[in-house]
Amino acid sequence: MKVLLINGSPRPKGCTYTALSEIAKVLEMERIETEIFQVGSKPIRGCTACKSCTTLDRCIFDDDPVNIALEKVKDFDGFVFGSPVHYGGASGHIKSLLDRMFYASRDSFANKPGTAIVSCRRAGATAALDQLNKYLTGCGMPVVSSQYWNMVHGNTPDEVREDLEGMQTMRTLGRNMAWLLKCIQAGKEAGIR
């Protein structure tokens, strides 16, 4: 089993990465492979609604990480989408990426567990989290939850690590993702489609 954690922050080793890394540690302890895929440090164009992807099963634009991410989706069983909070919403990078990925290949995500996490200094986290969760529910992904809303607070990675409740929420989220993936695998082995 494998989980792809997508970092939609422009800072490759920043606050969002710190939260994703905590989830990855727990998944790896549960013997689930992980990969953190950085997308937020290069420009990602928005969807132009050209609909070329409906016949190509990929985005027609090949100059950013969208098609690379779409290729990865096929090899992963679960997903964590991470974003910093920008003006009360998800980052433009993750929004552009998910708009195009989910439009081009929504069936690739169906029935695969997913979750979203956000990091912020102080406020806007619930709105950003709600924005990201809509991608998951819009294509039939079982949404993995934690013990509280999937967010961490801090202005630096060190401050995020000091957010004890937020980091505990990330660890619980990792355990819940592992549990659901193992349940799905057990169901498949028992002949449940």
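That block above? That's the structure.
Everything quoted here is computed from the prediction, not taken from an experiment.

Axes are the key here: two packed helices are described by the angle between their axes and the distance separating the axes. Put simply, helix α3 (residues 66-73) and helix α4 (residues 92-105) touch, their axes get as near as 10 Å, and they point 50° apart. The orientation of α3 relative to α4 falls into the category oblique. Crossing of α3 over α4 shows right-handed handedness. Between α3, through V66, A69, L70 and V73, and α4, the contact on the second element is made entirely by L97, R100, M101, A104 and S105. Its residues assigned to classes, the contact of α3 with α4 comprises 7 nonpolar, 1 polar and 1 charged.

Once that is clear, we can look at the pairing of strand β2 (residues 33-38). Pairing geometry for strand β1 (residues 2-7) and β2, over 6 bridges, is parallel. Each bridged residue has a counterpart across the sheet, and for N7 the counterpart in β2 is Q38. Between the parallel pair β1 and β2, the chain is carried across by helix α1 (residues 15-29), and the sense of this crossover is right-handed.

Moving on to the pattern of salt bridges. For the structure on display, the rule yields 11 salt bridges. The salt bridge partner of E30 is K182, with a shortest N-O separation of 2.7 Å. With a gap of 152 residues between them, E30 in the loop between α1 and β2 and K182 in helix α7 (residues 164-189) connect regions that are remote in the sequence. According to the relative accessible area criterion, E30 is partly exposed, its value standing at 28%. Judged by relative accessible area, which is 33%, K182 ranks as partly exposed. Here K134 makes a salt bridge to D130, at a shortest N to O gap of 2.5 Å. Of the two residues, K134 and D130 are both situated in helix α5 (residues 125-137); the distance of 4 residues between them amounts to about one turn of the helix. Within the structure, one salt-bridge network assembled from shared partners comprises E22, K25 and R171.

Residues other than glycine seldom take positive phi values, yet A49 does so here, at roughly 60°. Examined against the element boundaries, A49 turns out to sit in the loop between β2 and α2 (53-56). You can call A49 exposed: its relative accessible area is 54%. You will see that Y87, though not glycine, has its phi angle at about 50°, which is positive.

The next thing to look at is the packing of aromatic side chains. If you walk through the whole model with that rule in mind, you get 7 aromatic pairs. Look at Y148 and W149: their rings are 5.0 Å apart centre to centre, the planes differ by 45°, and that puts the pair in the tilted class. Exposure remark for W149: the relative accessible area of 48% places this residue in the partly exposed category. Of the aromatic side chains, those joined through ring pairs into one cluster are F79, F81, F102, F109 and Y135. Across the ring face of F76, the terminal group of K2 is positioned such that the distance to the ring centre comes to 4.7 Å. Stacked on the ring of F61, the Lys or Arg R45 has its end atom at 4.0 Å from the ring centre.

The topology assignment puts D64 in the loop between α2 and α3. Residue classification places D64 among the buried positions, given a relative accessible area of 8%. Reaching out from D64, the side chain makes a polar contact with the side chain of R100 at a distance of 2.6 Å. Among all residues touching D64, those that are not within four sequence positions of it are P43, I44, R45 and R100.

Look at α5: 18 Å from first C-alpha to last across 13 residues, which is about the 18 Å you get at 1.5 Å a residue. Those residues of α5 that sit buried are A125, A128, L129, L132, Y135 and L136. Taken around the axis of α5, the buried residues stretch over an arc of 110°, which confines them to a single face. Buried-residue contacts for α5 involve β3 (78-86), β4 (89-90), α4, β5 (114-120) and β6 (151-153).

Cut-offs applied
Residues numbered from 1 in each chain as written. Predicted model: local features only at pLDDT ≥ 70, side-chain atom pairs only at ≥ 80, totals over all residues. Heavy atoms only, no water. Axes fitted to C-alpha atoms, helices over the stretch in contact; angles between N-to-C directions. Helix = DSSP H or I, 4+ residues; strand = E, 2+ residues; numbered from the N terminus. Parallel < 35°, antiparallel > 145°, perpendicular 65-115°, else oblique. Left-handed = near helix turned anticlockwise from the far one by under 90°. Contact = heavy atoms within 4.5 Å. Nonpolar A, V, L, I, M, F, W, Y, C, P; charged D, E, K, R; others polar. Pairing = 2+ DSSP bridges. Right-handed = clockwise from strand over helix to strand, strands pointing away. Salt bridge = Lys/Arg side-chain N within 4 Å of Asp/Glu carboxyl O. Buried < 20%, exposed > 50% of the residue type's maximum accessible area, 1.4 Å probe, protein only. Phe/Tyr/Trp six-rings, centres within 6.5 Å; stacked < 30°, edge-to-face > 60°. Lys NZ or Arg CZ within 6 Å of the ring centre and 35° of its normal. Polar contact = N/O pair within 3.5 Å; in protein donor to acceptor, adjacent residues only side chain to side chain. Expected span 1.5 Å × (residues − 1). Arc of directions from axis to C-beta.

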